[in-house]
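Below are the chains, spelled out letter by letter.
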2 protein chains.
Amino acid sequence: MPASKVNNQLQEKHPQTPSGTRPIRGGAASERVHTKVIAGGHVLEVPCRRVHLTNGESCDLYDTAGPAPQGGTGAAGLPKLRAAWVQDRAVGPGAKVTQMHFARAGIVTPEMAFAAAREGMSPQFVREQIACGRAILPANVRHPELEPMLIGRDFLVKINANIGNSAVVSSIDEEVEKLRWSLRWGADTVMDLSTGRDIHQTREAILRNSPVPIGTVPIYQALEKVKGKIEDLDIDVFLETLEEQALQGVDYFTIHAGVRLAHIPLTAKRLTGIVSRGGSIMAKWCLSHHRENFLYTHFERICELMARYDVSFSLGDGLRPGSIADANDAAQFAELDTLGELTQVAWKHDVQVMIEGPGHVPLHQVRENVERQMRVCHEAPFYTLGPLTTDIAPGYDHITSAIGAALIGWHGTAMLCYVTPKEHLGLPNREDVKAGVIAYKIAAHAADLAKGHARARQRDDHLSKARFEFRWEDQFELSLDPETARSMHDQTLPAEGAKTAHFCSMCGPQFCSMRITEDVREMAAKEAREQGLRDKAREFVAGGAEIYSAPALPLA
Amino acid sequence: MPASKVNNQLQEKHPQTPSGTRPIRGGAASERVHTKVIAGGHVLEVPCRRVHLTNGESCDLYDTAGPAPQGGTGAAGLPKLRAAWVQDRAVGPGAKVTQMHFARAGIVTPEMAFAAAREGMSPQFVREQIACGRAILPANVRHPELEPMLIGRDFLVKINANIGNSAVVSSIDEEVEKLRWSLRWGADTVMDLSTGRDIHQTREAILRNSPVPIGTVPIYQALEKVKGKIEDLDIDVFLETLEEQALQGVDYFTIHAGVRLAHIPLTAKRLTGIVSRGGSIMAKWCLSHHRENFLYTHFERICELMARYDVSFSLGDGLRPGSIADANDAAQFAELDTLGELTQVAWKHDVQVMIEGPGHVPLHQVRENVERQMRVCHEAPFYTLGPLTTDIAPGYDHITSAIGAALIGWHGTAMLCYVTPKEHLGLPNREDVKAGVIAYKIAAHAADLAKGHARARQRDDHLSKARFEFRWEDQFELSLDPETARSMHDQTLPAEGAKTAHFCSMCGPQFCSMRITEDVREMAAKEAREQGLRDKAREFVAGGAEIYSAPALPLA
């Protein structure tokens, strides 16, 4: 069922919310608008953010902020966009409701049509990508608040933000606030990594307020259920935990089923051993019992459960390198081989899969990670943490890792898991979350540009044109963080008049290259006009007169 | 004259200065130490920063902070390290005193030996690299305060920080303070881009307090001398400006001699025209007079002057792209061809040359820039501004450009010119300078790791080992910014005891992968011991007894 073209725009205005119109200053403004698309008998309202420029043009941007919370406070959660779409489907014990199942049956779901419209792609292409496992559309049938999106290397590179409390700090309200804050700056999915108190209630509040897919690492809660005793974990408590979280609507689970007993000795000589929490838990379980990882031995039962809700796998890289010294080693790649094997098991059950990746990797070893993952995991989407390209900058690991993330995104990673400045040091606060999201929006966009994504460069071109024409307000409004751009400009030239001035504080009027370039262009245009007159004169001469002879001019 | 091996260490301790010992907290500390090297009859004291770790090990780091200012205040400037070295040389009208001249004559200067020792390279190799133009050692004979360093692709990737006042803001003291601040965080060279008041005095104060090479863009001051009227510029006022600055000791000049009259029309259809200040000035001059760039036509006179002081060329890329849309275009590459031609002219005069590069370049076009520059400019060192890999993040261009800088550094760029968060928005303040320098130290180090530089990984390995062993203070002290790392850790776990705890606030003790890994290793070791006993038992069995049979264990 192909999506129809843009035929209407519904405009919401909620200035107090992230999704609302930004206040008009100096004429530039942005608002969330919707395009109607018909699919599967449903009218889908596909959102984007439209930036209105002061020169009369506009620029539409992919938008993750979501609709305004019902009632304004968020206690009632977001509108249930997908409720009617999901109702249509056969939901019962054993029934497969996954997007992969429908895609393989040749059906374009409303989710596919919605996500396709957001990307500017054809719904059929999206269906094909999901059917063959090259893309996933994480969308638990019990997460009706979701605005469907795609993770796959032929789509825009996505970013994930991690939130979640720990035994040490944080409350439910704080976590919902962190969720909204992440979305405001552009997170495409959010993982709730809570390990502290009120783990169930925190997740419920997050899901009911999330327009983006929510991921979790269920082993954390399973471990809480056995009071922290790793050796007491088993498949029953794990499946019980999965069911609890799937019922709440979690869209993807990180599961460390690739940490096999035989891989553990491969980490013995590492500089930094096992640095994944889930990976170290499973390694300890395996050694305690002298047995194979129960997530691996019971993998098909896990698939059956996840197929009933359409929870996607994010197959965890429990043996990812935690330092430059350990990058691309035997332990990491042995686990990757197992993840490739498990991918095919999940696909047999029509369960969607993405594969997690490192970690700490120097620049020259980044590309090998993607290419090997594609080959070994049959082109299932890759979802990498960074990677960090050096270990020496704690406090700045959003930057060390944005470098690796941009590179790995360009080479084919579908989603980038953010790293905040607090990585290795402490729990991120609001400012750290923002710094991490912005750094990763930069990395993802740099990757999109390098991949030649059709829509990506529009924003750069609009912004650079605004910059060149001294349309300061348009430049701010098109940027990833308008507030910061505006306030930095105002620090040196605060006067409102400076925002229309044809120079800035960097060089002052005399040294402004852009102002001089304006002069150069005027001179060039004048010369071209004169050249035109001289050409006319030449025709005149050629026609018999001999009045005027012009020197050759270098200007076209 | 080969440098001798390490034979002594002189230790300075000036806790109140950037070069002094950092206060000992929790046992970790760092100090500036010197290694004595004999070269050309001089005893050279080559500095590094030694980090003393709490486990008794130490790690030596390349250090740019310089010695403590004489008298403590800096008014008297730094000690004149090179005064005796330079005195030995024939200095007179027309005499060539360049490092390239000596290198080609087979002479290892004290500067070469000093810089070689800092890099851990042989002086002969350094001499060869300078002789063939693949590296430069910018060292004006009138800048005796300099600690010599190398710019070339076989050495550590260097970074430059720009400072300088403008017509709008800043004072002399502020600029000296910005210089010291840049060096404290690791800038390898500093450019003084002042265009405001007291341009001569500001430069003098900077040079007398700088242990690193200082670069300038002399056309700015030349323009001040003709009261800002671009059309009044000529070669005489330009040479007069060069002489004035060379006499003060400036180590390299950015000169936009590659902006030729015929190139200007190539910028006509660009999205952002000409964005280099120097480039736009020269373009306007060319058009105003309908004549070829006087820097190009009089290039040999410029070379003769620079050879007398050993000022190095930084051949400016006046037509660098100012947006993703304009990257790698005909204008940029036409200028690059001219820079290649001028490189050979400068080399004829034994004048050292590096080549400036863009600008704004998407990831997939970065490599072409370096490879083309190497080919066209005969492997003269490349010195790039970023490049910025997207235009959409004003306020975060230290990050957009650190991504491009890491990549272009890996592919062979010798020095990276920093970009601060204020790029495109305003003049950088103290915090912006720090953010820019740290982002570029990260990019340069990531590039060094990727290039397999012999010494680069030591720091990563020491830091990661400290991290794995919960030696928090060592982790802080080895990081690019110990203060920030420490304060971020303290935000969540401020107690002094937390700095020896075997967990942190991110996961708490129960979920700490590193703590669990310790357990895993203990279990593995225990098993290995038991395996050893069982092996003994098997020998016993093989020897005739039949008491015990062990299952195969996966652990090595």
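These numbers were taken from a predicted model, which means no experiment stands behind them.

### Focus: the pattern of salt bridges
Next, step 1: Using the criterion set out here, one finds 74 salt bridges over all chains in the structure.
Next, step 2: Of the charged contacts, one joins A:Asp329 and A:Arg270 as a salt bridge, the two residues approaching to 2.7 Å between their closest N and O atoms. Of the two residues, A:Asp329 sits in the loop between strand E11 (312–315) and helix H12 (330–348) while A:Arg270 sits in the loop between strand E10 (252–255) and helix H9 (277–289), which places them 59 residues apart along the sequence.
Next, step 3: Residue B:Glu175 is joined to B:Lys178 by a salt bridge in which the shortest nitrogen-to-oxygen separation is 3.3 Å.

### So, the sheet that holds strand E7 (residues 158–163) of chain A
All names here are of chain A.
Next, step 1: Reading around the circumference, E7-E8-E9-E10-E11-E12-E13-E14 is the order of the 8 strands in this closed barrel, with parallel pairing throughout. The average undirected angle you get between the axes of adjacent strands in this sheet is 25°.
Next, step 2: Judged from the 3 bridges that link them, strand E12 (residues 353–357) and strand E13 (residues 382–385) form a sheet pairing that is parallel. Bridge pairing in E13 links glycine 357 to threonine 384.

### With respect to unusual backbone geometry
Outside of glycine, negative phi angles account for most residues, and trans bonds account for most peptide bonds.
Next, step 1: Look at the link from A:Gly386 to A:Pro387: it is a cis peptide, with omega at 10°.
Next, step 2: Tracing the chain through its elements places A:Pro387 in the loop between E13 and helix H14 (397–410).
Next, step 3: Between B:Pro358 and B:Gly359 the backbone carries a cis peptide bond, its omega angle lying at 10°.
Next, step 4: By secondary structure assignment, the location of B:Gly359 is in the loop between strand E12 (353–357) and helix H13 (366–376).
Next, step 5: Despite not being glycine, A:His378 has its phi angle at roughly 55°, a positive value.
Next, step 6: Tracing the backbone shows A:His378 in the loop between helix H13 (366–376) and E13.
Next, step 7: Taking relative accessible area as the criterion, A:His378 reaches 29% and is therefore assigned partly exposed.

### With respect to the relation of the copies chain B and chain A
Next, step 1: In screw terms, the move from chain B to chain A is a rotation of 180° and a rise of 0.0 Å along the axis, fitting with an RMSD of 0.1 Å. Seen this way, the second copy is the image of the first under a two-fold rotation axis. Minimal C-alpha distance to the rotation axis in chain B is attained by B:Ile403, lying at 2.3 Å.
Next, step 2: Here 99% of the interface residues in chain B have copies in chain A that are interface residues too; the copies meet face to matching face.

Thresholds applied
- Residues numbered from 1 in each chain as written.
- Chains lettered and ligands numbered in written order.
- Predicted model: local features only at pLDDT ≥ 70, side-chain atom pairs only at ≥ 80, totals over all residues.
- Heavy atoms only, no water.
- Salt bridge = Lys/Arg side-chain N within 4 Å of Asp/Glu carboxyl O.
- Helix = DSSP H or I, 4+ residues; strand = E, 2+ residues; numbered from the N terminus.
- Pairing = 2+ DSSP bridges.
- Axes fitted to C-alpha atoms, helices over the stretch in contact; angles between N-to-C directions.
- Buried < 20%, exposed > 50% of the residue type's maximum accessible area, 1.4 Å probe, protein only.
- Least-squares fit on C-alpha atoms with pLDDT ≥ 70 in both.
- Contact = heavy atoms within 4.5 Å.

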